[in-house]
Amino acid sequence: MTAKSTYTMKDIARELGVSVATVSRALKDSTRISVEQRERIQTFAREHNFYPNAFAESLRKSRIRPSTLIGVIIPQINHFYFSSILAGIEEQANIRGYSVVVAQSDEQYEREVRICKQFMHLRVCGVIVSQAKDTKHYEHFQELLDKNIPLVFYDRICTGMNTNRVVVDDYMGAFKAVTYLIETGCKRIAFYGAPMQLEISKNRYNGYRDALLKHGMPPDDSLCYTCDNRESAEQLTPEVMERVDRPDAFFAVNDDTAIGILYTVKRMGFRVPEDICICGFTNGERAIACEPMLTTVEQRGYMVGEEAVDILVNQAEGISPMDKIEKKVVRTRLVVRGTTR
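Since the structure is predicted, the reported quantities are computational estimates derived from the model, not experimental observations.

Novice: Help me get a handle on the overall build of the chain, residues and values and all.
Specialist: A tally of regular secondary structure across the chain gives twelve helices and twelve strands. Seen through its principal axes, the chain has C-alpha atoms that stretch 80 × 35 × 35 Å. Out of the 341 residues in the chain, the part that is buried amounts to 52%. In the chain, the proportion of contacts linking residues at least 24 apart, taken out of those at least 6 apart, comes to 73%. If you sum the accessible surface of the chain, you get close to 15,600 Å²; carbon and sulfur atoms cover 48% of it. Taking the average place of the 45 positive charges on the side chains of the chain and the average place of its 45 negative ones, the gap between the two points comes to 5 Å.

Novice: Describe the pairing of strand β3 (residues 126-129), and please don't skip the residues or the numbers.
Specialist: Of the two faces of β3, the one carrying Gly126 and Ile128 and the one carrying Val127 and Val129 are both buried. Taken together, the four bridges between strand β1 (residues 69-74) and β3 define a ladder with parallel strand orientation. Residue pairing across strands places Ile70 opposite Gly126, the latter belonging to β3. As paired elements, β3 and strand β4 (residues 151-154) share three bridges and run parallel to each other. Bridge pairing in β4 places Val129 opposite Phe153. In this fold, the crossover linking β3 to β4 by way of helix α7 (residues 139-146) has right-handed handedness.

Novice: Report on the layout of surface pockets, specifying residues and quantitative values.
Specialist: If you roll a probe as big as a water molecule over the atoms, it shows you where there is empty space left. Considering only enclosed or pocket space, the largest pocket measures out at about 360 Å³ in volume. Taken together, 23 residues make up the lining of the largest pocket; nearest its centre are Gln76, His79, Arg156, Asp228 and Asn254. Of all the secondary-structure elements, those providing two or more residues to the lining of the largest pocket are α5 (80-95), α9 (199-214) and β9 (277-282).

Novice: Give me the lowdown on α9, citing residues and values where you can.
Specialist: In this model, α9 (16 residues) spans 22 Å end to end at C-alpha, consistent with the 22 Å of a helix rising 1.5 Å per residue. Among all positions in α9, only Ile200, Ser201, Arg204, Tyr205, Gly207, Tyr208, Ala211 and Leu212 are buried. One side of α9 holds all its buried residues, which, seen down the axis, span an arc of 155°. Buried residues in α9 make contact with β5 (164-168), α8 (170-183), β6 (189-193), β7 (224-226), β8 (249-252) and β9. In the stretch just after α9, Gly216 is the one whose phi turns positive, near 70°.

Novice: Tell me about the environment of Leu181, and name the residues and values.
Specialist: With respect to the helices, strands and loops of the structure, Leu181 is situated in helix α8. Separated by 150 residues in the primary sequence, Leu181 and Thr31 have C-alpha atoms spaced 69 Å apart. Dropping the residues within four chain positions of it, Leu181 is found in contact with Cys186, Ile189, Ala249, Phe250, Phe251, Cys277, Cys279 and Thr340.

Novice: Explain the environment of Leu27 to me, using residue names and the numbers behind them.
Specialist: Examined against the element boundaries, Leu27 turns out to sit in helix α2 (residues 20-27). Separated by 18 residues in sequence, Leu27 and Met9 have C-alpha atoms that sit 9.6 Å apart.

Novice: Requested: an account of α2, with residues and values cited.
Specialist: Within the span of α2, buried status applies to Thr22, Val23, Ser24 and Ala26. Structurally, α2 contributes buried residues whose contacts are with α1 (9-16) and α3 (35-47). A positive backbone phi angle near 60° is found at Asp29, which sits one or two residues after α2.

Novice: So, the packing of aromatic side chains: which residues are in play, and what are the values?
Specialist: Within this structure, the stated rule accounts for eleven aromatic pairs. Geometrically, the ring pair formed by Tyr192 and Tyr225 is edge-to-face, given 5.6 Å between the ring centres and 80° between the ring planes. Here Tyr225 lies in strand β7 and Tyr192 lies in strand β6, a separation of 33 residues in the sequence. Residue class for Tyr192 comes out buried when judged on its relative accessible area of 0%. Their ring planes at 40° and their centres at 6.1 Å tell us that Tyr205 and Tyr208 sit as a pair that is tilted. Residue Tyr205 and its partner Tyr208 are located together in helix α9, separated by three residues, close to a single helical turn. Just as Tyr205 is buried, Tyr208 falls in that class too. Joined through ring pairs, the aromatic side chains of Phe191, Tyr205, Tyr208, Phe251 and Phe281 make up one cluster. When the ring centre of Tyr263 is taken as origin, the NZ or CZ atom of Arg230, which lies over that ring, is 5.3 Å away.

Novice: Before we move on, could you go through the sheet that holds β1 and cite the residues and values that matter?
Specialist: One open sheet accounts for six strands, arranged β2-β1-β3-β4-β5-β11; its pairing is parallel. Strand pairing shows two members of the sheet lacking a second neighbour, β2 (99-104) and β11 (327-330), which therefore form its edges. The sheet shows a mean angle of 15° between the axes of neighbouring strands, taken without regard to direction. In this structure, β1 lies alongside β2, joined through six bridges in parallel fashion. By the bridge assignment, Val72 is partnered in β2 with Val102. Strands β3 and β4 of the sheet are contacted by α7, whose axis makes an angle of about 140° with β4.

Novice: Give a description of the nonpolar core that names residues and reports values.
Specialist: Ile189, Tyr192, Tyr208, Phe251 and Ile278 are the most contacted members of the largest nonpolar core, which totals 43 residues. Here this core takes six residues from α8, the largest share from any one element. Those residues within four positions of Ile278 in sequence are excluded, and the remaining contacts are Phe250, Ala258, Ile261, Leu262, Val265, Val272, Leu294, Thr295, Thr339 and Thr340. Residues Ile89, Ala93, Val152 and Val309 belong to the second largest nonpolar core, which totals 24 residues.

Criteria and cut-off values
- Residues numbered from 1 in each chain as written.
- Predicted model: local features only at pLDDT ≥ 70, side-chain atom pairs only at ≥ 80, totals over all residues.
- Heavy atoms only, no water.
- Helix = DSSP H or I, 4+ residues; strand = E, 2+ residues; numbered from the N terminus.
- Buried < 20%, exposed > 50% of the residue type's maximum accessible area, 1.4 Å probe, protein only.
- Contact = heavy atoms within 4.5 Å.
- Areas by Shrake-Rupley, 256 points an atom, 1.4 Å probe, with all protein chains shown as cover.
- Lys, Arg positive; Asp, Glu negative; His and termini not counted.
- Charge placed at Lys NZ, Arg CZ, Asp CG, Glu CD.
- Pairing = 2+ DSSP bridges.
- Right-handed = clockwise from strand over helix to strand, strands pointing away.
- 1 Å grid on protein atoms, 1.4 Å probe; cavity = no way out; pocket = protein on both sides within 12 Å on 5 of 7 lines; lining within 4 Å.
- Points joined across faces, edges and corners; volume = space filled by probe spheres on them.
- Expected span 1.5 Å × (residues − 1).
- Arc of directions from axis to C-beta.
- Phe/Tyr/Trp six-rings, centres within 6.5 Å; stacked < 30°, edge-to-face > 60°.
- Lys NZ or Arg CZ within 6 Å of the ring centre and 35° of its normal.
- Axes fitted to C-alpha atoms, helices over the stretch in contact; angles between N-to-C directions.
- Core = buried A, V, L, I, M, F, W, Y, C linked by side-chain atoms within 4.5 Å.

If you want it as structure tokens, here you go:
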């Protein structure tokens, strides 16, 4: 038999000269067949990268209920936005009769690949994922799809693949935030963003840029920085504020970065919002734990999680076909507090 990318139990049975029932029992570690036979079949399955979840499609068409375990990959579990998405995922999964297994990639591509392999071994019915910052290759995600495992991206989507996704309206959130800064008197607005290979960073930058253009303010590239965490903001901001043409406002890609800016400019003796206005993006708990409280764009992560589960479960149960791509956009809203005028 020639090599193929996706084996079925029927293929394995034919190759090894046994029945499909024997293959099924071996993969379940049944004691109804010998240890030698089990090891022979399991070894063949591993060598040919076969996992029982490749049968998800046929299971959906039968009376046998497929796996009810959803795999979730989170870049950083201590990030408020990701934890709020996880809360939405777990609640909606429970409502739909599913359980959740969560793994943290810690922004590492290699770890993300290992997690996908582990999820396949666990026979999850689908995977919900926000990709790591340094992920540039997507074979591990394609492998899930090749095995008929539903895949839903949230927040950081994989632009190299046409897949299910749930995102917030990053562009409009940024556009409205920067528009508010302009309309309240800000003239030079700096942008602190994530690396531009991430779609969310591109969208938030474009919203920032288009708001400036709409109000007749040519964008100044020297005011745009790659800076997406508090530590980096505290290191970078003194240099930015020492410019002769320093900014009078900052729009940051997330709340942690905005709080880093806030802490630094106050330490330097600037008044907020009288001298400097600051706007973040998340609306997490830290936004109301600083002084003054942070103006920010609310992302509604809980709703993102709920939508992701519904897309995945509908495909896992055959309600929606696997080849139908769902793309959901959750609206944002600007929450005005004390760091803006």
